[in-house]
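Each chain is listed here by its residues.
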Amino acid sequence: MNQEKKSNKIVVHLLLILGSGIMIFPFIWMIITALKTKTEAIQVPPRILPEVAQWGNFSKIFEIFPFGNFYVNTIVSTLVITFGQVFLCALAAYAFARLEFPFKNFLFLLLLSILMVPGQTFLIPQYLTVQKLGLLDSIPALFLPGLFSAFGTFLLRQFFMSIPMEVEEAAIIDGASRIKIFFTIILPLSKSALISLSIFSLLYGWNSLLWPLIVNTSTDKMTLSAGLASLSGQYGTDFPMVMAGSFLACIPLIIIFLIFQKQFIEGIALSGGK
């Protein structure tokens, strides 16, 4: 019996190693391609390793584009989007979960209907709104439409409803206001749900491509994804430069994951509501 369990454990670990290898292969190929020349990158049959590693590709991309500006723009817009979504969605979710007001259910269904509409449908209204505000081709234009999330509101609302009402009733008897209950009771108990939303918001803000391409045209106002997309031309693409830039764009997210991987796993698992 013990031998059978040991064999099953070995098989499971081998499958996990195989799966990990498949998942990490594109990342390894990206690094290898970043070290090739342009000719080696498009060679057929494909060349696995470069003849001479082109480490200069990583510095050359800073000469081609203001890559430092791309980093700053992406970090600023991502942080504002993350904090904005977490805060505003938490407020809206608490109202839908705990407060009573006219047409609450209808408004919540109206909010959920946003999830059924493709995001591209909102591009023109959002663009016109930003245009009327005089914010086209600016940093605020990158994050203003992403400050609120219907999905985030739904996620937190469902989590808030799982928190026992007795907790709030006890606080109300002690004289606590709704604002105090929200900040001192609800939010601390919803740590895992807030981390989940933070992860989704962070990835959304960092990887956003279509909106930054539409709203900003100046090179120094672009984000990393938009800047890298401009490397792909109509008649040819400098793949080593694209891969070098992609690797540099991945570094901050990799560092954040390595530091907060425990919180990431807890957040995705959504193990709160104890």
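This text gives an overview of the structure that appears in the document. (Residues numbered from 1 in each chain as written. Predicted model: local features only at pLDDT ≥ 70, side-chain atom pairs only at ≥ 80, totals over all residues. Heavy atoms only, no water.)

1. So, the pattern of salt bridges
Inference 1: Taken as a whole and assessed by the stated rule, the structure comprises five salt bridges.
Inference 2: The salt bridge involving Arg 47 is made with Glu 40; its shortest N-O contact spans 3.8 Å.
Inference 3: According to the relative accessible area criterion, Arg 47 is partly exposed, its value standing at 29%.
Inference 4: Assessed through its relative accessible area of 9%, Glu 40 is described here as buried. (Salt bridge = Lys/Arg side-chain N within 4 Å of Asp/Glu carboxyl O. Buried < 20%, exposed > 50% of the residue type's maximum accessible area, 1.4 Å probe, protein only.)

2. Let's talk about a nonpolar patch on the surface
Inference 1: On the surface, Phe 87, Leu 88, Leu 91, Phe 148, Ile 179 and Phe 183 cluster together to form a nonpolar patch covering roughly 550 Å² of accessible area.
Inference 2: Elements supplying a minimum of two residues to the nonpolar patch: α4 (67-98) and α10 (178-189).
Inference 3: Residue contributions to the nonpolar patch peak at three residues, all from α4.
Inference 4: The class for Ile 179 is exposed, based on a relative accessible area of 56%. (Patch = residues over 30% accessible without salt bridge, like charges linked within 9 Å, V, L, I, M, F, W, Y side chains within 5 Å. Areas by Shrake-Rupley, 256 points an atom, 1.4 Å probe, with all protein chains shown as cover. Helix = DSSP H or I, 4+ residues; strand = E, 2+ residues; numbered from the N terminus.)

3. Thoughts on the packing of aromatic side chains
Here the distance between the centres and the angle between the planes together describe a pair of aromatic rings.
Inference 1: Here the structure, examined in full by the defined rule, presents 14 aromatic pairs.
Inference 2: Here Phe 58 and Phe 247 contribute two aromatic rings whose centre-to-centre distance is 5.7 Å and whose plane-to-plane angle is 65°, an arrangement assigned as edge-to-face. Placement of Phe 58 in helix α3 (residues 57-64) and of Phe 247 in helix α14 (residues 239-269) is noted, with a sequence separation of 189 residues between them.
Inference 3: Ring-pair connections join several aromatic residues into one group, and the members of that group are Phe 62, Phe 65, Phe 67, Phe 70 and Tyr 71.
Inference 4: Over the face of the ring belonging to Phe 108 we find Arg 157, whose NZ or CZ atom lies 4.1 Å from the ring centre. (Phe/Tyr/Trp six-rings, centres within 6.5 Å; stacked < 30°, edge-to-face > 60°. Lys NZ or Arg CZ within 6 Å of the ring centre and 35° of its normal.)

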